[in-house]
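Letter by letter, the chains look like this.
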Amino acid sequence: MMGLRARIGITAVAASAAALLAVLAIALPGLRQRTTQQVATSLEAQARLVARLVQPALAQGADARTLDALVDSASGDLHARVTVVAPDGRVVADSAASGEALDALENHGNRPEVQAALRAGRGTSVRHSATVEDDLVYSAVAIRDGARTLGVARVALPLRGVREQARHLAGAVVIALVLAFVITALLSVMLSSSLAGPLESVMEAARQFAAGNLDARSTVSRRDEVGELARILNRSADQLQERITEIARDRARIDAILSAMEDGVLAVDHQGVVLLANQALRASLGLRDPVGHPYVEAVRQREVGLVLEHVLKTGERKVMEAELHHLRRVYALTGVPFPGSEGTPHGAVLTFHDVTERRRLDQVRRDFVANASHELRTPLTSIRGFVEALEDGAAADPLTAERFLGKIHTHADRMGALVEDLLELSRLESGERPPVLEPVDVAEVADDVAASFAELAERKGLKLACRHDPAPTVTTDGDRLRRILENLVENAVKYTPTGGSVRIETGRHDGAAQVSVSDDGPGIPAEHLPRIFERFYRVDKARSRDLGGTGLGLSIVKHLAESIGATVGVTSEAGRGTRFRVVVPVVASPLASP
Ligand code: ADP
């Protein structure tokens, strides 16, 4: 395709050429005729002057010589041939001939201009003259004296001069037109390039926008329409860029929100093709790159399908819970519709809220309530039984009555211990009382605890001993540390059969203080070890109960230890004994309560 500049230039040049040619075509052909006509008109005026000049002489019947002299002088002034013809056609005077030559001149009565002058007062003719041997223009006017015609005055000019004049004129016109054409062409080329250049630059900018380069701007800054076009284009590009930046910013925000969300988010279009799956969803379900694929390829879960299809079909919100067995997780699914892109039906957004922990805690709570009720019901049932027996007559026998009352007392004590433990556990879990920190010597606490169990151990025929290695003084809650040791020593004394021994040892461990309670009792089978710190967990339920245990002791130990930043570990071998080890940090820093 020809360039814009060339097209505008060629069009302008062609238009000016056509206009100039038209001027030439109209002006040139008439030029000679008009020149001849003009000459004829001026000749007629000259003829009138000659007529006026010779009229008095003719009227007075002057002789030929006088007339000839008059005519010659007039011819000299006019630079033309002057002739005076008598009404009968005889040549009376002629600037081109005198004397005999004049008399030899043929009669001019038949000359068309002479005839016309005699008839109508004036006449013009162009023809060859034998006298001067050239084409001549003749103009004749009648010479009158009142109503009488005295003759005809004729002025003639060679046509050669006229033609030359016409040619000169035509030449001048052509030169003028050629000059005009050159100037026009130059001007049009200048104009076209001054228009086409900026237009092309604006077009280039527009082409770049279309190709997606929004930084492109037109640099044309003219004050005309092309400049306005460039400004409009630049403004549009500014606005477009602003909008795109805004959209990108919104997108980035949404992306940030979506990726910061802990819940999984899945968006599908009206055909169920995944549009978006946020980071949380990809991580929790182990999805690679689900975008662009049908959701069933990514998540093969019945509930997910049910919720999505329901939302896509009805456009209504739907909530459902789904257990993803292979991930051992439970999700609360919430599906809502979201608008599709122009002209398409709505899609659906599904959020996956992980409720596994909540479900577990609910279960723990339910189990705890069931366990606590069960633990309370057992002694309560026994108490009721003994009371009923007493009512039914057992009270009559003082020995039986005393025995039954003793049993009731024991069960009531058990209930009391249980309630005490439950309260303590609940207080510890709520964290309502912060630990009271003070410098504590672990050896001293261990000796105190050993002393308080000495009598019980002795009664049971157990050896209870303390051994101290150097240990750092710790800043901790001494009372809580004491209760930890009491629980551990109580268990050791409780479960170790007669003849056995219990050792309390203190020392240092990795810069912290350490206290251990070991026994050579029955030990704890390995499969139970991971669970003995759970509430109500007992290795041997009946035996524990018989020994007055509530199943909460170690659970309380664990909570107490956590509250002062201490750790409790256990090693045991069935049949050979058990060792609990408590590591107390130099400065208590409570662990976050669970
Ligand atoms: P309990 O009130 O039954 O003693 P604990 O929470 O104190 O409850 O202990 C949980 C279980 O751990 C006990 O039932 C017992 O089976 C076992 N256990 C705890 N300490 C010892 C120990 N020193 N020797 C053997 N078994 C123990």
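Residues numbered from 1 in each chain as written. Predicted model: local features only at pLDDT ≥ 70, side-chain atom pairs only at ≥ 80, totals over all residues. Heavy atoms only, no water.

1. Re the sheet that holds strand β7 (residues 274-277)
Taken in spatial order, the five strands make up an open sheet running β7-β6-β10-β9-β8, and their pairing is antiparallel. Both edges of this open sheet fall to β7 and β8 (318-324), since each of them pairs with a single strand only. Mean inter-strand twist for the sheet, computed between neighbouring axes without regard to direction, equals 20°. Sheet topology places strand β6 (residues 264-268) next to strand β10 (residues 347-354); five bridges connect them, and they run antiparallel. Across the sheet, residue Leu266 finds its bridge partner in β10, namely Leu350. Contacting β6, β8, β9 (329-338) and β10, helix α9 (residues 302-314) crosses the sheet at an angle of about 145° to β10. (Pairing = 2+ DSSP bridges. Helix = DSSP H or I, 4+ residues; strand = E, 2+ residues; numbered from the N terminus. Axes fitted to C-alpha atoms, helices over the stretch in contact; angles between N-to-C directions. Contact = heavy atoms within 4.5 Å.)

2. Concerning the pattern of salt bridges
According to the stated counting rule, one finds 30 salt bridges in the structure shown. A salt bridge links Asp145 to Arg148; the nearest nitrogen and oxygen atoms lie 3.6 Å apart. On the basis of relative accessible area, Asp145 is assigned to the partly exposed category, the value being 33%. Between Asp289 and Arg282 there is a salt bridge, with its nearest N and O atoms 3.9 Å apart. (Salt bridge = Lys/Arg side-chain N within 4 Å of Asp/Glu carboxyl O. Buried < 20%, exposed > 50% of the residue type's maximum accessible area, 1.4 Å probe, protein only.)

3. Focus: the domain arrangement of the protein chain
As far as domains go, the protein chain holds domain 1 (1-213), domain 2 (261-354), domain 3 (359-428) and domain 4 (434-592). Taking only C-alpha atoms, the centre of domain 3 and the centre of domain 4 are 26 Å apart. Contacts between the two partners involve 14 residues from domain 3 and, on the opposite side, twelve residues from domain 4. Regarding the contact of domain 3 and domain 4, the summed buried area is about 1,300 Å², with carbon and sulfur atoms giving 67% of it. Three residues stand out in domain 3 for area buried against domain 4, namely Arg414, Leu425 and Leu428, and they jointly supply 40% of the buried area on that side. The interface formed by domain 3 and domain 4 holds two salt bridges in total. Here domain 3 is connected to domain 4 by three residue pairs in polar contact (both at pLDDT 80 or more). Listing elements by their share of the side of domain 3 that touches domain 4, those giving two or more residues are α10 (356-391) and α11 (398-430). Here the element with the most residues in the side of domain 3 that touches domain 4 is α11; it accounts for eight residues. (Domains from an automatic or database assignment. Buried area = accessible area lost by both parts, 1.4 Å probe. Polar contact = N/O pair within 3.5 Å; in protein donor to acceptor, adjacent residues only side chain to side chain.)

4. Some details on the sheet that holds strand β17 (residues 577-584)
Across the sheet, which stays open at both edges, the five strands sit in the order β12-β14-β15-β17-β16 with mixed pairing between neighbours. Here the strands that pair on one side only, and so sit at the sheet edges, are β12 (463-468) and β16 (567-573). Averaged over all neighbouring strand pairs, the angle between strand axes comes to 15°, with direction disregarded. One ladder, built from eight bridges, connects strand β14 (residues 501-509) with strand β15 (residues 512-519); its direction is antiparallel. Looking at the pairing, Gly507 lines up with Gln514 of β15. The sheet contacts of helix α12 (residues 442-459) involve β12, β14 and β15, and relative to β12 the element is tilted by about 170°.

5. Remarks on the site of the ligand
Contacts to the ligand come from 21 residues, most closely from Tyr495, Ser544, Thr550, Gly551 and Leu554. One of the side-chain nitrogen or oxygen atoms of Asn491 is found 2.8 Å away from an oxygen atom of the ligand. One nitrogen or oxygen atom from the main chain of Leu554 is found 2.8 Å from an oxygen atom belonging to the ligand. For the ligand, whose unbound accessible area comes to 530 Å², protein coverage reaches 96%. Where the shell around the ligand is concerned, the elements lending two or more residues are α13 (478-495), α15 (553-563) and β17. A per-element tally of the shell around the ligand places α13 first, with four residues. Looking at side-chain class alone, the shell around the ligand contains nine nonpolar, eight polar and four charged residues. (Near = heavy atom within 4 Å. Areas by Shrake-Rupley, 256 points an atom, 1.4 Å probe, with all protein chains shown as cover. Nonpolar A, V, L, I, M, F, W, Y, C, P; charged D, E, K, R; others polar.)

6. Some words on α11
Taking 1.5 Å as the rise per residue, α11 with 33 residues should run 48 Å; its terminal C-alpha atoms sit 47 Å apart, in good agreement. Immediately beyond the C-terminal end of α11, within one or two residues, lies Gly431, with a positive phi of roughly 65°. (Expected span 1.5 Å × (residues − 1).)

7. A closer look at the packing of aromatic side chains
Taken as a whole, this structure holds four aromatic pairs when the rule is applied. Between Phe386 and Phe404, the aromatic rings sit 5.0 Å apart at their centres with planes inclined by 55°, giving tilted as the arrangement. Here Phe386, found in helix α10, pairs with Phe404, found in helix α11; they are 18 residues apart in sequence, far enough to count as distant. A relative accessible area of 18% means that Phe386 is categorised as buried. Owing to a relative accessible area of 13%, Phe404 belongs among the buried residues under this scheme. Looking at Arg127, its charged tip hangs above the ring of Tyr138, at a distance of 4.0 Å from the centre. (Phe/Tyr/Trp six-rings, centres within 6.5 Å; stacked < 30°, edge-to-face > 60°. Lys NZ or Arg CZ within 6 Å of the ring centre and 35° of its normal.)

8. What about the packing of α12 against α13?
Between α12 and α13, the least distance of the axes is 10 Å, while the angle of their chain directions is 35°. Crossing angle aside, the handedness with which α12 passes α13 is right-handed. Facing Val442, Val445, Ala446, Asp448, Val449, Phe453, Leu456 and Ala457 of α12, the residues of α13 in contact are Leu481, Arg482, Leu485, Glu486, Val489, Glu490 and Val493. By residue class, the composition of the contact of α12 with α13 is eleven nonpolar, no polar and four charged. (Left-handed = near helix turned anticlockwise from the far one by under 90°.)

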